[in-house]
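Working through the structure, step by step
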Amino acid sequence: MVKVGIIGATGYAGKELVNILAGHEKVKISYLASHSYQGMIYSDVYPSFYGIEDDELKEDDIVKAANESDVIFLTLPHSLSSQLVTKEIIKDKIVIDLGADFRLKDKNVYEAWYKCEHKGESLLNEAVYGLPEIHREEIKKAHLIANPGCYTTCSILTLYPLVKNHLIKTESIIIDAKSGVSGAGRGAKIDNIFCEVNESVKAYSVTTHRHTPEIEQELSYAAGNDIKLTFTPHLIPMQRGILATCYASLISGVTEKDIKMAYEEAYNNEVFVRLTPYLPQTRFTKGTNFVDISFKVDERTGRIVAIGALDNLIKGAAGQAVENMNIALGYDESLSLKRIALI
């Protein structure tokens, strides 16, 4: 059995990690840590885990976690992971960071968007961006895996075949994305309480959302040239889910058949990407590690509308993190992740 530690085990993503890993046939949870609930029993924080996970929550000490674990998951606010992870730890342990600190390869880009100093620049080249559909071979050898963001995973996977195959004008890309409230984390924030969110939809972080450079970075790699795009996120009064509606102008002469072939070539052998005959809805991916993708061509305007949907806490966070662990350890990629939507 592989011993696994989770630092930040009581946030929404941490809770989903515990839920998935508690049923993983090759894993033993060896270290659960929480800054806010240290010393409490896990099932007292989340009573639904009573009789399943009743261990005491420990301090969020990565060195102690490394001494008791083979794999360490970090679900921490940005800037913390880069202060904790060291070359010594990743020498013989696997660290999977669900935060943002190791996703961007350029320290200056990180600091410009996150407005804080990056403390782990020497590890940026060690980190592998943990999007299996694109970086699977690198993940197999990685000891530091940067788990992608939820908006990012949905947006990149929806656009990747179009960009890679040069089917769209990349300067025309617009992403209009919606998220459930759990994407903002479990911390108490006035903007996210029920009375502020219910019966309302709002755009936020317009032109400044921190997932923008992450999307641009990965799509630029795919295209072979720098891409700048417009990304606008919205908050929807639901608990979980991401829907990304992506718009772009088609290259002259590109047909619907070309687009369909590009998506099939990219994803037909991917266990967690479903190319759906219906337009994706968040409820069809709720509680699963699937991302559903479909598209429509607007012949009148010469544009494509590509739509992706996923669960921000599973494929957008904890599920993808476990998927990355499975790949890095040489396990079946789908272990403990074969779930049907909770509708």
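Up top is the structure these notes are about.
In this report, we go over the structure that sits alongside the text. These figures come from a predicted structure and were not determined experimentally.

Bringing the sheet that holds strand E9 (residues 230-235) into the picture now. The sheet built from 7 strands is open, its strands ordered E8-E9-E7-E10-E13-E12-E11 with mixed pairing. The strands lining the two open edges of the sheet, one partner per strand, are strand E8 (202-203) and strand E11 (273-275). Taken together, the 6 bridges between strand E7 (residues 174-179) and strand E10 (residues 242-249) define a ladder with antiparallel strand orientation. The partner of aspartate 176 across the bridge, within E10, is threonine 245. In the packing of helix H8 (residues 150-164) onto the sheet, contacts are made with E7, E9, E10, E11, strand E12 (291-298) and strand E13 (303-310), and the angle to E13 comes to roughly 140°.

Along helix H6 (residues 107-114), the residues that are buried comprise Lys107, Tyr110 and Tyr114. What you see down the axis of H6 is that its buried residues fit within an arc of 60°, all on one side. Taken from the residues just after H6, lysine 115 is the one with a positive phi, measuring 55°.

Quick look at the pairing of E7 now. Residue alternation in E7 divides its side chains into a buried set, Ile175, Ala177 and Ser179, and an unburied set, Ile174, Asp176 and Lys178. Two elements, E7 and E9, share 6 bridges in a ladder whose sense is parallel. Bridge pairing in E9 places serine 179 opposite leucine 235.

Attention now goes to the environment of tyrosine 110. Counting through the fold element by element, tyrosine 110 comes out in helix H6. Looking at tyrosine 110, the relative accessible area reads 0%, which means it is buried. Here the alpha-carbon distance between tyrosine 110 and alanine 100, two residues 10 residues apart in the chain, equals 8.7 Å. Excluding residues within four positions of it along the chain, tyrosine 110 makes contact with His78, Ser79, Ala100, Asp101, Leu104, Lys115, Cys116 and His118.

Rules of the game
- Each residue is numbered by its place in its chain's sequence as written, counting from 1.
- Confidence filtering applies because this is a predicted model: local features only for residues at pLDDT of at least 70, side-chain atom pairs given and counted only at 80 or more, and all residues used for totals across whole chains, interfaces and linings.
- Remark: hydrogens and water are excluded; side-chain values derive from all non-hydrogen atoms of the structure.
- A pair of strands counts as paired when DSSP detects no fewer than two bridges linking them.
- What counts as a helix is a DSSP run of H or I of at least four residues, what counts as a strand is a run of E of at least two, and both are numbered from the N terminus.
- Contacts are residue-level and defined by heavy atoms, with any inter-residue pair within 4.5 Å sufficient.
- To obtain each axis, a line is fitted to C-alpha atoms, and for helices this fit is confined to the stretch in contact; angles are then taken between N-to-C directions over 0 to 180 degrees.
- For every residue, the accessible area (1.4 Å probe, protein chains only) is compared with the maximum for its type, and the residue is labelled buried under 20%, exposed over 50%, or partly exposed between those bounds.
- This arc describes the spread of directions from the helix axis toward the C-beta atoms.

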